[in-house]
Amino acid sequence: MKTLILSAATASLLSLAAFTTAQARDCTGFSNRASLYTSIGLTDSATFWSAVAAECEASNWAELDRSAVRENISTYADTTGYERPERETVQAAATAAGVELPARRNGQNKGRGKRKGQ
């Protein structure tokens, strides 16, 4: 019986730890994006993503599914009038600042053009 209670308590603690880690990871991505934009001098974008990161933490977006988070970001962008900079603009700013942009993630362009290995 003691083993069963200990197992249940351990499982609860692990679930709580996983939830806390997910919250930090989700909001940290927005903060990292803000830092990148700051480092290349795109302050409007940096300010926008800093505000998104703060709202993520304040509103516990880790509990939401991805589509709800995207909708929240889209609504905030519409409300503030934020327009995402073109990739070429970001690349030029990074080059001018001497910053190497992170590689795009796999799957980012699903369905567009040829896939790796084809």
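Residues numbered from 1 in each chain as written. Predicted model: local features only at pLDDT ≥ 70, side-chain atom pairs only at ≥ 80, totals over all residues. Heavy atoms only, no water.

Kindly report on the overall build of the protein chain, identifying the contributing residues and their values.
Regarding its fold elements, the protein chain presents 4 helices and 0 strands. In sequence order, the secondary structure elements of the protein chain are arranged as α-α-α-α. Counting only residues that meet the buried cut, the protein chain has 22% of its 118 residues in that class. Looking at the protein chain alone, contacts between residues at least 24 apart form 64% of all its contacts between residues at least 6 apart. Accessible surface, the protein chain: about 9000 Å² in total, of which carbon and sulfur atoms supply 54%. (Helix = DSSP H or I, 4+ residues; strand = E, 2+ residues; numbered from the N terminus. Buried < 20%, exposed > 50% of the residue type's maximum accessible area, 1.4 Å probe, protein only. Contact = heavy atoms within 4.5 Å. Areas by Shrake-Rupley, 256 points an atom, 1.4 Å probe, with all protein chains shown as cover.)

How would you summarise helix α2 (residues 43-59) if you had to cite specific residues and measurements?
End to end, α2 covers 24 Å across 17 residues, agreeing with the expected 24 Å (1.5 Å per residue, within 8%). Among all positions in α2, only Ser45, Ala46, Phe48, Trp49, Val52, Ala53 and Cys56 are buried. Projected onto a plane normal to the axis of α2, the buried residues spread over an arc of 165° and lie on a single side. Exposed residues on α2 whose side chains face more than 90 degrees from its buried face are Thr43, Asp44, Thr47 and Ala58. (Expected span 1.5 Å × (residues − 1). Arc of directions from axis to C-beta.)

How would you explain the environment of Gly81 if you had to name every residue and give the values?
Along the polypeptide, Gly81 turns up in the loop between α3 (66-80) and α4 (87-97). What makes Gly81 exposed here is its relative accessible area of 52%. Sequence spacing of Gly81 and Phe48 is 33 residues, and the spatial spacing of their C-alpha atoms is 10.0 Å.

Before we move on, can you summarise α4 with the specific residues and values?
Within α4, burial applies to Val90, Ala93 and Ala94. Considered in projection along α4, the buried side chains sweep an arc of 100° and stay on one side of the axis. In α4, those exposed residues whose orientation departs by more than 90 degrees from the buried face are Glu88, Thr95 and Ala96. Positive phi shows up at Gly98, right after α4, with a value of about 75°.

Please give an account of the packing of α2 against α3 that cites residues and values.
Look at α2 against α3: their axes get within 11 Å of each other, and the N-to-C directions meet at 135°. Between α2 and α3, the angle is such that the two are oblique. Regarding α2 and α3, the two cross each other, and that crossing is right-handed. For the pair α2 and α3, contact is made by Phe48, Trp49, Ala51 and Val52 and by Ile73, Tyr76, Ala77 and Thr80, respectively. Per-class residue counts for the contact of α2 with α3 are 7 nonpolar, 1 polar and no charged. (Axes fitted to C-alpha atoms, helices over the stretch in contact; angles between N-to-C directions. Parallel < 35°, antiparallel > 145°, perpendicular 65-115°, else oblique. Left-handed = near helix turned anticlockwise from the far one by under 90°. Nonpolar A, V, L, I, M, F, W, Y, C, P; charged D, E, K, R; others polar.)

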